[in-house]
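As a plain string of letters, each chain reads:
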Amino acid sequence: KIIMKHLILIFIFFLFSILAKANENNFFNEAKDLFDKKKYEDSKFLFHRNIVYNPKDSESYLYLAKIFKIEDDKRQEEKNIRTTLLLDPKNEEAMYLLIDMELERSNFSKADELSEDFKKICVDMCEKIASIESRLKDFEIKDASWGHSQ
C-alpha cells in the first residue's frame, strides 16, 4: 500500500514537470505570436515570464531587445542584447543589433571591432556585412573631411 502511494506521487510529480515544460514552451510561442501581431506590451510580459521558467533562453532576451528598440528604451535594449550574446555568443541578429547601436552612437571603433567578430560568426545574415562596411566607410569619409577643415 505504501509503495502504491509512492508510485502515485512519483507519477503526479512527472505529470506536473511535463506540464511545466509545456507551459514554458507555450510562453515563448505565445509571446512570439503576440510580437508578430505588434502587441508588444503583452508579448514583453510573456517573454519575461518565459525567462522566469527558462533563464537561459537567449531568444526571449533577443525579442525583449527588439521590443525595447521599438519603444526607444536604449538602456534596456542594450542590456537585453548583451544578455543574448552572453548566453549565445554566435547570435548573428543580436550582434548586428549591437553593431547598429554602436554606429548610432558614433562609436565607430567598437562597431568596427564588432563587425570583425560578426564576419567570423555570420551564417544567415552575411548580407548585412556590406551595409555595416558602407556605414563605417561613410564615417571615415566624414571624419577625414572634418579633420581637413580644421
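I will try to describe carefully the structure that is included in this document. (Residues numbered from 1 in each chain as written. Predicted model: local features only at pLDDT ≥ 70, side-chain atom pairs only at ≥ 80, totals over all residues. Heavy atoms only, no water.)

A word on the overall build of the protein
Helices and strands together make up the secondary structure of the protein, namely 7 helices and 0 strands. Reading the protein from its N end, one meets helices and strands in the order α-α-α-α-α-α-α. Within the protein, the fraction of its 150 residues that count as buried is 35%. Counted over contacts in the protein with a minimum sequence separation of 6, partners at least 24 positions apart contribute 47%. Of the roughly 10,000 Å² that the protein leaves accessible, carbon and sulfur atoms contribute 59%. (Helix = DSSP H or I, 4+ residues; strand = E, 2+ residues; numbered from the N terminus. Buried < 20%, exposed > 50% of the residue type's maximum accessible area, 1.4 Å probe, protein only. Contact = heavy atoms within 4.5 Å. Areas by Shrake-Rupley, 256 points an atom, 1.4 Å probe, with all protein chains shown as cover.)

As for the side chain of glutamate 78
In this fold, glutamate 78 is placed in helix α4 (residues 74-87). Assessed through its relative accessible area of 17%, glutamate 78 is described here as buried. The contacts of glutamate 78, once residues within four sequence positions are left out, are Met101 and Arg105.

Looking at the state of the cysteines
Within this structure, the stated rule accounts for 1 disulfide. With its sulfur 2.0 Å from that of its partner, cysteine 122 forms a disulfide with cysteine 126. Judged by the sign of its S-S torsion, about 105°, the cystine formed by cysteine 122 and cysteine 126 is right-handed. Looking at cysteine 122, the relative accessible area reads 14%, which means it is buried. Looking at cysteine 126, the relative accessible area reads 31%, which means it is partly exposed. (Disulfide = S-S within 2.5 Å.)

A look at a nonpolar patch on the surface
Residues Ile3, Met4, Leu7, Ile8, Ile10, Phe11, Ile12, Phe13 and Phe14 make up a contiguous nonpolar surface patch of roughly 970 Å² in combined accessible area. Topologically, phenylalanine 14 is positioned in helix α1 (residues 2-36). (Patch = residues over 30% accessible without salt bridge, like charges linked within 9 Å, V, L, I, M, F, W, Y side chains within 5 Å. Salt bridge = Lys/Arg side-chain N within 4 Å of Asp/Glu carboxyl O.)

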